[in-house]
Amino acid sequence: MLIAPSILSADFGNLSRDVNAICEAGCDLVHVDVMDGHFVPNLTIGPVVVSAVAKVATKPLDIHLMVENNSFFVDLFTPFNPKYISFHIEEEKHPHRLIQKIRGLEISPAVVLNPHTPPEAIEYLIEDLDMVLLMSVNPGFGGQKFISSVVEKAKKLKALIEKKNPNCLIQVDGGVNDSNIQELKDAGVDVVVAGSFVFNHPDGYKKAIESIK
Ligand code: DX5
Ligand code: ZN
């Protein structure tokens, strides 16, 4: 299981220290939640802060866009050389076009599905994707309760992926912890995002990451 800690739960007064620490503690990706106050009712970080994160991160960046006007934000974050950029299918009129654009920038394209969006909505995009992110909370905030219907959805998505593009990864984001990780693994999930579980773990980041792995 790969783990991408969400820096939304980091201490923003000590962001470079925290980014460095999760990388040292053995995470696989650094998950960056970009919210614009329109697509979701919260506002987070832009290129000024992500530029600082990119300088200290020793693991690849995984940028999760929760915004209107995805293409504009893809352009904003491309200079920081992220491994993945994911965008919400609910907010994109031309997902196939945007996937081609992201791949053309030598970034791995991923799409995100809100809790209500069925996996069939992206059936005809899977062959062009490197990852599908299933939200297991409503996007906008860290520290929310895991929506367990995502497990069934991951199984359905896994079946589609096996048919269309077995190399495409499944990522789950929101409310992930050491009590739901096994059922996610059994459902075929490859990567989990964990914010509050990692950053608030009483025994530190390393123990938190090890317990997920
Ligand atoms: C929610 C974000 C998540 C969130 C995860 O909109 O996409 O990445 O920060 O935080 P936890 O693990 O605390 O649910
Ligand atoms: Zn996220």
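Residues numbered from 1 in each chain as written. Chains lettered and ligands numbered in written order. Predicted model: local features only at pLDDT ≥ 70, side-chain atom pairs only at ≥ 80, totals over all residues. Heavy atoms only, no water.

**Considerations on the coordination of the zinc ion (ligand 2)**
Working step 1: Donor atoms from the polypeptide that coordinate the zinc ion (ligand 2) comprise His31 (NE2), Asp33 (OD), His64 (ND1) and Asp173 (OD), at 2.1 to 2.3 Å from the metal.
Working step 2: Geometry at the zinc ion (ligand 2) is octahedral, judged from the six donor atoms that bind it and their angles of 69 to 170° at the metal.
Working step 3: Of the residues examined, His31 reaches a relative accessible area of 0% and is grouped as buried. (Donors = N, O, S within 2.8 Å, 3.2 Å for Na, K, Ca; no water. Tetrahedral: all angles 85-135°; square planar, octahedral: opposite > 155°, others 65-115°. Buried < 20%, exposed > 50% of the residue type's maximum accessible area, 1.4 Å probe, protein only.)

**A short note on the site of ligand 1**
Working step 1: Neighbouring ligand 1 are 20 residues, the closest being Gly140, Asp173, Gly175, Gly195 and Ser196.
Working step 2: Measuring from an oxygen atom of ligand 1, one finds a backbone N or O atom of Gly143 at 2.8 Å.
Working step 3: Within the complex, 100% of the 380 Å² of free accessible area of ligand 1 lies under protein.
Working step 4: Of all the secondary structure elements, the ones that give two or more residues to the shell around ligand 1 are strand E2 (30-35), strand E3 (61-66) and strand E8 (191-194). (Near = heavy atom within 4 Å. Polar contact = N/O pair within 3.5 Å; in protein donor to acceptor, adjacent residues only side chain to side chain. Areas by Shrake-Rupley, 256 points an atom, 1.4 Å probe, with all protein chains shown as cover. Helix = DSSP H or I, 4+ residues; strand = E, 2+ residues; numbered from the N terminus.)

**With respect to the sheet that holds strand E1 (residues 2-5)**
Working step 1: Taken in spatial order, the eight strands make up an open sheet running E1-E8-E7-E6-E5-E4-E3-E2, and their pairing is parallel. The sheet is open, and its two borders are formed by E1 and E2, each paired with just one other strand. The mean inter-strand angle of the sheet, taken between neighbouring strand axes irrespective of direction, is 25°.
Working step 2: One ladder, built from three bridges, connects E3 with strand E4 (residues 84-88); its direction is parallel. Bridging across to E4, His64 finds its partner in Ser86. (Pairing = 2+ DSSP bridges. Axes fitted to C-alpha atoms, helices over the stretch in contact; angles between N-to-C directions.)

**Observations concerning the nonpolar core**
Working step 1: Among the nonpolar cores identified, the biggest contains 64 residues, and Ile7, Val30 and Val198 are the most heavily contacted of them.
Working step 2: In terms of residues, this core owes the most to one element, helix H5 (residues 150-164), which gives six residues.
Working step 3: Discounting chain neighbours no more than four positions away, the residues touching Val198 are Ile3, Pro5, Ile22, Tyr205, Ala208 and Ile209.
Working step 4: By size, the runner-up hydrophobic cluster in this structure holds seven residues, among which are Ala4, Leu29, Met131 and Val191. (Core = buried A, V, L, I, M, F, W, Y, C linked by side-chain atoms within 4.5 Å. Contact = heavy atoms within 4.5 Å.)

**A closer look at unusual backbone geometry**
Working step 1: Its identity as a non-glycine residue notwithstanding, Asn81 has a phi of 55°, on the positive side.
Working step 2: Position of Asn81 among the secondary structure elements: in the loop between helix H3 (70-77) and E4.
Working step 3: Residue classification places Asn81 among the exposed positions, given a relative accessible area of 64%.
Working step 4: Although it is not a glycine, Glu106 sits at a positive phi angle of roughly 65°.
Working step 5: Along the polypeptide, Glu106 turns up in the loop between helix H4 (95-104) and strand E5 (108-113).

**What to know about H5**
Working step 1: Between its first and last C-alpha, H5 extends 20 Å over 15 residues, near the 21 Å set by a 1.5 Å rise per residue.
Working step 2: Taken together, the buried positions of H5 are occupied by Val150, Val151, Lys153, Ala154, Leu157, Leu160 and Ile161.
Working step 3: Summarising the contacts, the buried residues of H5 are in contact with E5, strand E6 (131-135), strand E7 (169-173) and helix H6 (181-187). (Expected span 1.5 Å × (residues − 1).)

**Things to note about the packing of aromatic side chains**
Working step 1: Taken as a whole, this structure holds three aromatic pairs when the rule is applied.
Working step 2: When the ring of Phe77 is compared with that of Phe80, the centres are 6.4 Å apart and the planes differ by 55°; the resulting orientation is tilted. Side by side, Phe77 and Phe80 carry an identical accessibility label, which is buried. (Phe/Tyr/Trp six-rings, centres within 6.5 Å; stacked < 30°, edge-to-face > 60°.)

**Remarks on the pattern of salt bridges**
Working step 1: Considering all chains together, one arrives at seven salt bridges under this definition.
Working step 2: For Lys164, the salt bridge goes to Glu123, with nearest N and O atoms at 3.9 Å. Pair noted here: Lys164 is in helix H5 and Glu123 is in the loop between E5 and E6, with a separation of 41 residues, a long-range link.
Working step 3: With a shortest N-O distance of 3.2 Å, Lys206 and Glu210 are connected by a salt bridge. Of the two residues, Lys206 and Glu210 both sit in helix H8 (residues 205-212), four residues apart, roughly one turn of that helix.
Working step 4: Lys206 sits in the partly exposed class, given a relative accessible area of 48%.
Working step 5: One network of salt bridges, in which partners are shared, links Asp11, Arg17 and Asp18. (Salt bridge = Lys/Arg side-chain N within 4 Å of Asp/Glu carboxyl O.)

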